[in-house]
Amino acid sequence: MKRNYVMEPLGEMKAMYQAYNEEMVELVKKNGNIVLLYGDFPRGAAGELVQKEYPDRIYDVGIAEANLITTAAGMAGAGKIPFTHCHSIFAVGRAYNQIRQNAAFDKLNVKIVLCNSGMLWAFMGGSHQIIEEITALRVIPNLVLVSPADPVETKKVTKAVAEYFGPVAIRLANPPVPTIYKEEYPFELGKAVTLMDGEDATIIATGIMLADALAAADMLAKEGIKVRLLDMHTIKPLDEASIINAARETGAIVTVEDSSIIGGLGGAVAEVVVENCSVPVKRVGIKDRFGQSGTVAELKVAYELTANDIAKAVKEVIKKKPPVLASQ
Amino acid sequence: MAYDEKVIKKLEEKAKILRRDAVEMIRAGESGWMGGSFSQADIIAALMFCYMKHDPRNPQWEERDRLIVSKAHCCETVYAALGEAGYFSKKEYQSYGKFGATLQAHTERKVPGIEYSGGSLGEGLSFALGEALAARIDASEDASGRPVPRFRVFCIVGDGESNEGQVWEAVMAATHYKADNLVAIVDHNKFQSSGTVEERINMMPMAEKWQAFGWDTTEIDGHDFNEILNALEKADKVKGKPHAIIAHTIKCKGVPSFEHKNLHFCKLSDEMYAEAIEALK
């Protein structure tokens, strides 16, 4: 099946935080207002450069996530563009009120980098794997939530977020991910990317799970099932038009995320679908369970996040199409 | 050092206006933060009408000193100071706390002169630290190579509020980064929402805690303008450390029959209102 913007075969494996740093190295040179703040988190290439060249633009507040977020908000209040870096589980879990009250409430220009985001920070186990971040953050007014899928998209997200004025949280998963996109693909905050088109169903994926969704779409194509594949890199504001079009034009939707399906991408898509064009939806993601240690591959099997699981969900959701839609 | 009597007299008069206007706001809003508003009133008056560099005609002036009132359960005397200084019309007082009002029950940055949306306790000092650090970025340097910050940041912290762990996270970080353009003023009125500070979670001795974290620490009577102004001046002179001024204050200071009572959040009956206005003539 024809794929849009996708490398054939998929490219280099790289950690999102590395890709983020590669872009940030360029951004800090161009924009003197960018300040990097850390909560005892590894610097990466951008942090090392700023430490050496612009030492008054880098701060580490230690293991104190609440202070990290609010200090960044104060810097934004004084006209700076602070990027905070700490583990997502502690930014969202321990500094939720600070994200809400100090960053989002006044629409301050704070950029919260959610490092080691999602369920697939494999080795670390349940205390460190965050299943709640999409659910918890998308309910906060003013806050933009972005979830890039590969190294190329991570760079485009980083640049776009630095240029956007307002509070943004960026999900960066831990495991290295394959390069999906060609460099020149068009990226716009808030606008889903259509990687494949088809009429039988739509897969809407976000973040690290896009590669698995792509594999699932390929598997289905071999069986003659043609799916539309959307990369929903911006969770908020959600590209509702793309979801409604997918519902109208394909009649069935499967969402895919490394986060809780309760209020996660699955919840968000389902809300849009039932209000606008009710069609069957199945949600692939974490089903009301905490995480555990293991390899990424083991966790994907245990939590039903594999390409096979996605393909299975697509077949199930197609079966649930009402007869008039099923016959299309 | 004793300050010019005229300066002290002016500040006493301003503080009285702030308390009086706060009473009017609490009356209009049918509720308010009487205790904290009154305990900090003299400190607010000293900062806004004597010490801080600010311009009511240009609230966004980049080099203005910042006042962060962390807990904001005391917003009336802050609003009163801004109204008195000319940041907005005193007519706004009548809609305080009402639907659609500019002056909400907790301070919000959308109000001219307000730097920080308070109300969630323990967070303001971190915000103040962020502002203080930002003031040093790309700043010029003095002869010894120290940055000369573009502005100073004053943060009023409640003593009950200091139960929150984040206060101490900010205290640690400010010392680490030698944020000497940051002044925390603890409104040590000895009460919190449901009882005395000592009853709830004893934080005494307060000054020693800040000192132990490496802050330049001064204890004062928070209702004595000479002591307030001297402490602020000292804070300006001591370099290389953030500054804590532990201001011993009296909850509801200014209306004798209310003093030392925990009128934290209250309504004013007709009798109380009349008594307050009489005392603040």
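Residues numbered from 1 in each chain as written. Chains lettered and ligands numbered in written order. Predicted model: local features only at pLDDT ≥ 70, side-chain atom pairs only at ≥ 80, totals over all residues.

**Here we look at the overall build of chain A**
Counting its regular elements, chain A contains 13 helices and 14 strands. Scaling as 2.2 N^0.38, a compact globule of 328 residues should have a C-alpha radius of gyration of about 20 Å, and chain A matches this with 19 Å. Each of the three principal axes of chain A carries a C-alpha extent, and together these read 65 × 40 × 35 Å. Within the span of chain A, comprising 328 residues, buried residues form 59% of the whole. Sequence-distant contacts in chain A: of pairs separated by 6 or more residues, those separated by 24 or more amount to 80%. (Helix = DSSP H or I, 4+ residues; strand = E, 2+ residues; numbered from the N terminus. Rg over C-alpha atoms; globule rule 2.2 N^0.38 Å. Buried ≥ 20, exposed ≤ 12 C-beta atoms within 10 Å, placed from the backbone. Contact = placed C-beta atoms within 7 Å.)

**What about the overall build of chain B?**
A count of helices and strands for chain B gives ten helices and seven strands. Relative to the globule expectation of 19 Å for 281 residues, the C-alpha radius of gyration of chain B, 18 Å, shows essentially globular dimensions. Projected onto its principal axes, the C-alpha positions of chain B cover 60 × 45 × 40 Å. Within chain B, counting contacts between residues at least 6 apart in sequence, those at least 24 apart form 76% of the total.

**Thoughts on the interface of chain B and chain A**
On the side of chain A, 25 residues touch chain B, which itself brings 23 residues to the contact. Only α5 (124-134) and α6 (165-176) of chain B provide two or more residues apiece to the side of chain B that touches chain A. Counting residues per element, the side of chain B that touches chain A draws most heavily on α5 of chain B, which supplies eight residues. Grouping the constituent residues of the side of chain B that touches chain A by class yields eleven nonpolar, five polar and seven charged. (Nonpolar A, V, L, I, M, F, W, Y, C, P; charged D, E, K, R; others polar.)

**Let's talk about the sheet that holds strand β7 (residues 243-248) of chain B**
All names here are of chain B. Read from one edge to the other, the open sheet built from five strands follows the order β1-β2-β3-β7-β6, with strand pairing classed as parallel. With one partner strand each, in any of the chains shown, β1 (66-69) and β6 (216-221) form the two edges of the open sheet. Averaged over all pairs of adjacent strands, the angle between strand axes in this sheet comes to 20°, irrespective of strand direction. Bridge count between strand β2 (residues 153-158) and strand β3 (residues 182-188): six bridges; the pairing is parallel. Paired with valine 157 across the two strands is valine 186, which belongs to β3. (Pairing = 2+ DSSP bridges. Axes fitted to C-alpha atoms, helices over the stretch in contact; angles between N-to-C directions.)

**With respect to the sheet that holds strand β7 (residues 168-173) of chain A**
Residue and element names in this part refer to chain A. Across the sheet, which stays open at both edges, the seven strands sit in the order β3-β2-β4-β5-β7-β6-β12 with mixed pairing between neighbours. Unpaired on one side and paired on the other, β3 (58-60) and β12 (234-236) mark the two borders of the sheet. Each adjacent strand pair in this sheet contributes to an overall mean axis angle of 20°, direction not counted. Judged from the five bridges that link them, strand β2 (residues 34-38) and strand β4 (residues 81-87) form a sheet pairing that is parallel.

**Focus: α6 of chain B**
Over its twelve residues, α6 of chain B extends 17 Å from the first C-alpha to the last, a length consistent with the 16 Å expected when each residue adds 1.5 Å. All buried positions along α6 of chain B are accounted for by Gln166, Val167, Glu169, Ala170, Val171, Ala173 and Ala174 of chain B. Buried residues along α6 of chain B sit in contact with α3 (65-77) of chain A together with α5, β2, β3 and α8 (206-212) of chain B. Lysine 178 of chain B sits one or two positions beyond α6 of chain B and adopts a positive phi of about 50°. (Expected span 1.5 Å × (residues − 1).)

**A look at the confidence of the model for chain A**
Of all residues in chain A, 98% have pLDDT values of 70 or greater, and the mean over the chain is 97. Put simply, helix α13 (residues 323-326) of chain A is where chain A has its lowest mean pLDDT, 62, and strand β10 (residues 201-205) of chain A is where it has its highest, 99. (pLDDT = per-residue confidence, 0-100.)

**Some words on the domain arrangement of chain A**
The parts lose accessible area when they come together, and the size of an interface is often stated as this lost area. All names here are of chain A. Per the domain assignment, the segments of chain A are domain 1 (7-180) and domain 2 (193-326). Tallying the contact residues gives 31 residues for domain 1 and 32 residues for domain 2. Of all elements in the fold, only α6 (133-137), β6 (144-146), α7 (151-163), β7 and β8 (177-181) reach the threshold of two or more residues within the side of domain 1 that touches domain 2. Classifying every residue of the side of domain 1 that touches domain 2 gives 19 nonpolar, six polar and six charged. (Domains from an automatic or database assignment.)

**Some points on the pairing of β8 of chain A**
Remember that side chains alternate between the two faces of the sheet whenever the strand is regular. Residue and element names in this part refer to chain A. Burial analysis of β8 places four of its five residues in the buried class, the great majority of the element. In the sheet, strand β1 (residues 6-14) pairs with β8 via four bridges, with the strands oriented antiparallel. The partner of lysine 14 across the bridge, within β8, is valine 177.

**Considerations on the nonpolar core**
Of all hydrophobic cores here, the largest spans 201 residues; its most connected members are Ile203, Ala213, Ile253, Ile310 and Val314 of chain A. With eight residues, helix α3 (residues 41-51) of chain B is the largest single contributor of residues to this core. Of the residues that make up this core, three or more belong to each of domain 1 (7-180) and domain 2 (193-326) of chain A. Those residues within four positions of isoleucine 203 of chain A in sequence are excluded, and the remaining contacts are Ala213, Ala216, Ala217, Val227, Leu229, Val254, Val256, Ile310 and Val314 of chain A. (Core = buried A, V, L, I, M, F, W, Y, C linked by C-beta atoms within 7 Å.)

**Considering the packing of helix α1 (residues 5-29) of chain B against α3 of chain B**
All names here are of chain B. The contact between α1 and α3 brings their axes to 9 Å, and the two run at 120°. Considered as vectors, α1 and α3 are oriented oblique to each other. You can see that α1 and α3 cross each other, and the crossing is right-handed. Note on element contacts: α3 touches α1 through Ala41, Asp42, Ile44, Ala45, Ala46, Phe49 and Cys50, opposite Val7, Lys10, Leu11, Lys14, Ala15, Leu18 and Arg19. Among the residues forming the contact of α1 with α3, the class breakdown is ten nonpolar, no polar and four charged. (Parallel < 35°, antiparallel > 145°, perpendicular 65-115°, else oblique. Left-handed = near helix turned anticlockwise from the far one by under 90°.)

**Side note on helix α2 (residues 44-53) of chain A**
Residues and elements named next belong to chain A. Among the residues of α2, Gly44, Ala46, Gly47 and Val50 are the ones counted as buried. Seen end-on, α2 carries its buried residues on one side only, within an arc spanning 115°. Exposed residues lying more than 90 degrees from the buried face of α2 are Lys52 and Glu53. (Arc of directions from axis to C-beta.)

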